[in-house]
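One letter stands for each residue in the lines below.
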Amino acid sequence: MPAVLMHDMDAPLHNSFNEQFLRKQREVFAYIVTLVPDRNDAEDIFQETCLQLFQKAAEFDCAKSFFPWACGFALNEVRRFRRAHYREKCQFDDGVFEALAELQIRSAETIDARLGLLMDCMARLPVEKKELLLHCYSCGESLNALAVEFKIDPPTLRKRLERIRKTLFECIETGSEPSPKTLEGLRGH
Amino acid sequence: LTEAACAGSITEEQHEKLNALLASNDDAKLFYVTYLRMHGALLWHCRDAGVQVPVLSAPLVASPVFSPTPTGSTVSFFYGALGCVSSGWPMAYLLATVILGIGLAIGAVTYVSQPMCVTAMARPAVERFPALMPTPKAATVGRITGIADCRPTDPKAAVTENAPVSLGQRYALASGLMEITYSTGAKVILQGPVKYEVESTNGGFLSLGKLTGSVATEAARGLTIRTPTATVTDLGTEFGVEVEASGATRSHVFKGEISVATGAAASQRKLVRLKVNESVFVDRSGNLSSRQGADADRFVRQLEFNPFPGVLTAEEGTEVYAETFNRDSKLFPADYPNWTFGQPEPGTSGEAAAATIVEGVLRLTRDAVTGAPAWHVDAATTTRKFSGRMIVSVDIGSDGRNFGYSHVAIRLGQVIVVFHPGFSSKDGAFLRGAFRVEGIMPGTDMGFTPDVDVLHHLFVYFDGKDAYQVCLVDGLHSRNVFRTAFTAPQNSGKAFSISVHRSGNDNTGMFDNLRVIQLPEIKQPATIHKDGGGVP
């Protein structure tokens with residue numbers, strides 16, 4: 001990081017920026033993931049976004065909300081990424097892409113409320129499923145690689161993870177315990 | 001389709017379908033972004049879960065001198081002085097940012113997107129992936145890092161210090177205290193009578209009794225305590241939870257914020273966020289009360305530690321000065337009338353510098369206006385002067401810039417006690433921590449290197465005449481304790497102010513929890529031993 005950034009980061013003027021950044025960095029990262037689901041690509045974009053944010057920290061108006069301001073930078077980085085990878089398949093149309101980006105800002109409160117329940121919902125998972133989730137998410141290895149390493153069928157591992165994610169989603173959507181049917185499905189594995 | 005996108009297994013055909021669906025259906029868009037945001041939040045949360053946060057391999061001293069009473073009493077000094085690696089996660093981020101900056105500066109192009117994976121993948125497969133093994137063993141998620149007068153309900157059940165804590169483990173204490181430190185860095189102190197089950201890698205189920213929860217790292221954020229009627233989730237804080245026999249739950253916030261969700265059915269479920277000094281009660285039917293004040297006195301917030309057991313065997317001191325720097329501020333001195341900030345050390349050529357308080361920690365880097373280096377500057381100095389026999393303590397550290405070449409210190413009058421976080425050697429010789437007393441004791445190997453970006457716990461004992469003892473406890477590894485003693489006549493019979501202090505060109509000194517305990521005078525002069533075990 002250029003020296004000027006390191007200097008700026010400590011200036012008292014930017015205390016509000018630093019606080020807001022620390023509070024909202026997870027949301028900004030997750031915002032990027034919705035637009036670029038691959039974790040390694042998302043990490044790279046997040047890293048570039050952070051650099052941009054710190055360079056522009058002095059311009060942050062603490063009277064305004066940090067999340068949409070930061071997402072503006074993230075969106076620019078994602079657009080740059082899309083331009084660089086336009087030949088790749090599995091890219092949303094521009095219209096869909098922009099609509100997904102805009103929806104997250106417009107519905108930030110609704111989405112945040114749901115995600116606020118995520119840790120609670122994770123705590124309710126059966127212990128072994130929680131472990132599986134943590135291990136699968138904690139490493140950058142592909143599911144295929146993990147499955148091979150542990151000598152199980154990759155689709156089986158993928159299916160287990162999918163069930164856990166669906167359970168969590170059901171929980172954050174409804175704020176309720178997983179349904180008996182869902183739990184039954186989990187126990188079956 | 002959304003799942004396939006999450007899993008990275010989506011085919012071209014599936015992606016086209018998804019694109020068409022999202023283009024035509026607003027509900028589908030909301031579903032998709034919420035699901036992917038959850039996926040992103042999981043990635044964020046779990047990428048830190050593999051970090052092996054050091055746990056205390058040796059328990060804190062459970063001395064009978066200070067009974068485990070709640071804070072607020074005359075002995076509370078010791079509770080607040082240990083384990084307060086406050087704001088650890090922002091510090092960790094700042095460190096990461098600096099490392100990133102250094103990497104860019106030297107043109108390094110290799111980016112390790114999941115550095116914690118190195119640690120996680122180094123572990124054996126069985127340990128990493130127990131859920132898939134034929135006979136999974138319970139995963140260790142932390143350790144017992146302190147006990148005091150601990151009596152399990154079942155006399156046959158052994159509770160031993162430093163024992164591993166596994167998922168699913170249950171603890172029932174008839175009395176006493178037990179501290180669990182999770183591998184994430186989260187801590188809970190169980191206060192008997194209590195029943196607690198470790199049900200996750202960062203939380204548990206409290207069915208009866210009290211606990212205090214605290215987090216020191218970002219990985220520890222989200223510490224979740226479930227009770228029969230509520231779920232309490234930490235949002236970067238310190239809090240207390242108390243469960244009655246009926247299952248009713250009261251949650252208190254001492255620092256930061258928590259969320260409390262009632263355990264009622266979905267349609268009646270309520271979620272409330274509590275801020276510092278607030279509490280809320282959930283009755284046995286799951287009804288949520290209005291907010292009330294927090295009652296910190298009902299909870300033990302730190303296990304005890306006696307830094308000078310030889311000195312304090314049979315007496316109690318009185319806290320006469322304490323500052324936790326909890327009011328974030330840059331408007332000095334108006335916000336803190338008992339202090340002056342950012343003044344050059346007397347007798348040096350340093351310039352005044354601007355101190356700030358962010359996230360409850362006093363920080364000083366350099367003059368905020370001119371950008372001039374802040375050499376040998378007192379970050380904060382008490383306006384009050386002290387004399388006589390005393391113990392001064394402070395949580396103290398430095399950030400990671402200019403690794404190890406800046407010092408932080410506490411100054412009692414003309415006596416300046418110095419060490420260098422991050423410093424390990426000089427001219428090929430170990431000089432870990434480079435402890436010294438300015439003009440009195442040369443650079444000394446502390447036997448361990450106090451890490452940067454951590455608040456360590458520094459205690460200085462002064463006998464009121466010329467004898468001093470120093471105890472420095474590593475803020476990350478409490479088994480690392482450096483003790484020394486020296487004599488210096490400068491403060492004898494004088495009243496002096498006390499400062500926290502830093503040097504260097506670029507590092508940020510960090511300070512918190514400065515306390516002064518006045519001790520009763522002794523009639524006979526103390527004999528201070530070099531090993532710190534002085535006997536009055």
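Residues numbered from 1 in each chain as written. Chains lettered and ligands numbered in written order. Predicted model: local features only at pLDDT ≥ 70, side-chain atom pairs only at ≥ 80, totals over all residues. Heavy atoms only, no water.

With respect to the nonpolar core
Grouped burial of nonpolar side chains is what soluble globular proteins tend to show. Here is the rule: Working definition of a nonpolar core: buried Ala, Val, Leu, Ile, Met, Phe, Trp, Tyr and Cys residues. They are joined through side-chain atoms within 4.5 Å. Whether a residue is buried, partly exposed or exposed follows from its accessible area with a 1.4 Å probe, protein chains only, as a fraction of its type maximum: under 20%, in between, or over 50%, in that order. Segments assigned H or I by DSSP are reported as helices when at least four residues long, segments assigned E as strands when at least two residues long, and all are numbered from the N terminus. Should any heavy atoms of two residues lie within 4.5 Å, those residues are considered in contact.
With 73 residues, the main nonpolar core has Tyr31, Ile32, Leu35, Leu133 and Leu168 of chain A together with Tyr32 and Met38 of chain B as its most contacted residues. Element by element, the count of residues in this core is highest for helix 3 (residues 26-47) of chain B, at 10 residues. Not counting residues within four places of it along the chain, the set of residues in contact with Leu133 of chain A comprises Met122, Leu125, Leu161, Ile164 and Leu168 of chain A together with Leu42 of chain B. Core analysis: the next-biggest nonpolar cluster, separate from the first, contains 43 residues, Phe419, Tyr468, Phe496 and Ile498 of chain B among them.

Details of unusual backbone geometry
All names here are of chain B. With an omega of 0 degrees, the peptide bond between Gly192 and Pro193 qualifies as cis. With respect to the element layout, Pro193 can be found in strand 4 (residues 187-200). Within the chain, Ala434 stands out as a residue other than glycine whose phi angle is a positive 40 degrees. Mapped onto the elements of the fold, Ala434 is located in the loop between strand 23 (429-430) and strand 24 (435-437).

Focus: the state of the cysteines
Residues and elements named next belong to chain A. Note the following rule: By convention in this document, the label disulfide applies to cysteine sulfur atom pairs within 2.5 Å.
Enumeration over the complete set of coordinates arrives at 1 disulfide over all chains. Residue Cys121 pairs covalently with Cys171 via a disulfide, S to S 2.1 Å. An S-S torsion of about -80 degrees defines the bridge between Cys121 and Cys171 as left-handed. Here Cys171 lies in helix 10 (residues 154-174) and Cys121 lies in helix 7 (residues 118-124), a separation of 50 residues in the sequence. This pair shows no difference in class: Cys121 is buried, exactly as Cys171 is.

So, the pattern of salt bridges
Short version of the rule: Whenever a carboxyl oxygen of Asp or Glu lies within 4 Å of a side-chain nitrogen of Lys or Arg, that contact is scored as a salt bridge.
For the structure on display, the rule yields 23 salt bridges over all chains. We note a salt bridge from Lys24 of chain A to Asp112 of chain A, for which the minimum N-O separation is 3.8 Å. With Lys24 of chain A in helix 2 (residues 15-35) and Asp112 of chain A in helix 6 (residues 108-115), the pair connects residues that are 88 residues apart, well separated along the chain. For Lys24 of chain A, a relative accessible area of 23% translates into the label partly exposed. For Asp112 of chain A, a relative accessible area of 25% puts it in the partly exposed group. Notably, a salt bridge pairs Asp94 of chain A with Arg82 of chain A, separated by 2.6 Å at the nearest N-O pair. With Asp94 of chain A in helix 5 (residues 94-106) and Arg82 of chain A in helix 4 (residues 66-84), the pair connects residues that are 12 residues apart, well separated along the chain. On the basis of relative accessible area, Asp94 of chain A is assigned to the exposed category, the value being 57%. Look at the salt bridges and you will find they share partners, linking Lys24 and Asp112 of chain A together with Arg37 of chain B into a network.

Concerning the sheet that holds strand 20 (residues 408-412) of chain B
Residue and element names in this part refer to chain B. Operational definition: Here, a strand pair is defined by DSSP locating no fewer than two bridges between the strands. Note on geometry: axes are lines fitted to C-alpha atoms, helical ones only across the stretch in contact, with angles between N-to-C directions running from 0 to 180 degrees.
One open sheet holds the 7 strands; their spatial order is 15-18-29-20-21-24-25, and the pairing between them is antiparallel. A strand with exactly one partner marks an edge of an open sheet, and here the two such strands are strand 15 (339-344) and strand 25 (441-444). Strand-to-strand, the axes of this sheet are offset by a mean angle of 15 degrees, without reference to chain direction. Summarising the sheet, strand 20 and strand 21 (residues 415-419) pair through 5 bridges and their orientation is antiparallel. Bridge assignment links Ala409 to a residue of strand 21, and that residue is Val418.

Here's the deal with empty space enclosed by the protein
Residue and element names in this part refer to chain A. We count it as follows: Put plainly, a pocket is an open set of points on a 1 Å grid over the protein atoms alone with protein on both sides within 12 Å along at least five of seven lines, a cavity is a set where a 1.4 Å probe fits but cannot get out, and a lining residue has an atom within 4 Å of a point. Grid points are joined across faces, edges and corners, and a volume is the space filled by probe spheres set on the points. Amino acid classes used here: Ala, Val, Leu, Ile, Met, Phe, Trp, Tyr, Cys and Pro are nonpolar; Asp, Glu, Lys and Arg are charged; the rest, including Gly, are polar.
Enumeration according to the criterion identifies 7 cavities of 30 Å³ or more in this entry. Of the pockets and cavities examined, the second largest cavity occupies roughly 100 Å³. It is helix 7 that contributes the most residues to the lining of the second largest cavity, 3 residues altogether. Partitioning the lining of the second largest cavity into residue classes produces 3 nonpolar, 6 polar and 1 charged.

A few points about the environment of Leu167 of chain B
Relative to the helices and strands, Leu167 of chain B is located in the loop between strand 2 (164-166) and strand 3 (170-182). A sequence separation of 26 residues divides Leu167 of chain B from Val141 of chain B, and the C-alpha atoms of the two residues are 6.4 Å apart.

A word on the side chain of Ser499 of chain B
Residues and elements named next belong to chain B. Rules: For the purposes of these results, a polar contact is taken to be a pair of N or O atoms within 3.5 Å, where, inside protein, one atom must be able to donate a hydrogen and its partner to accept one; residues adjacent in sequence count only when each atom of the pair is a side-chain atom.
With respect to the helices and strands, the residue Ser499 is situated in strand 29 (residues 498-502). Relative accessible area serves as the criterion here: at 0%, Ser499 is assigned to the buried category. Looking at Ser499, its side chain comes within polar contact range of the side chain of Thr381, at 2.7 Å. If near-sequence neighbours (up to four positions away) are discounted, Ser499 is found in contact with Asp378, Ala380, Thr381, Ala409, Ile410 and Arg411.

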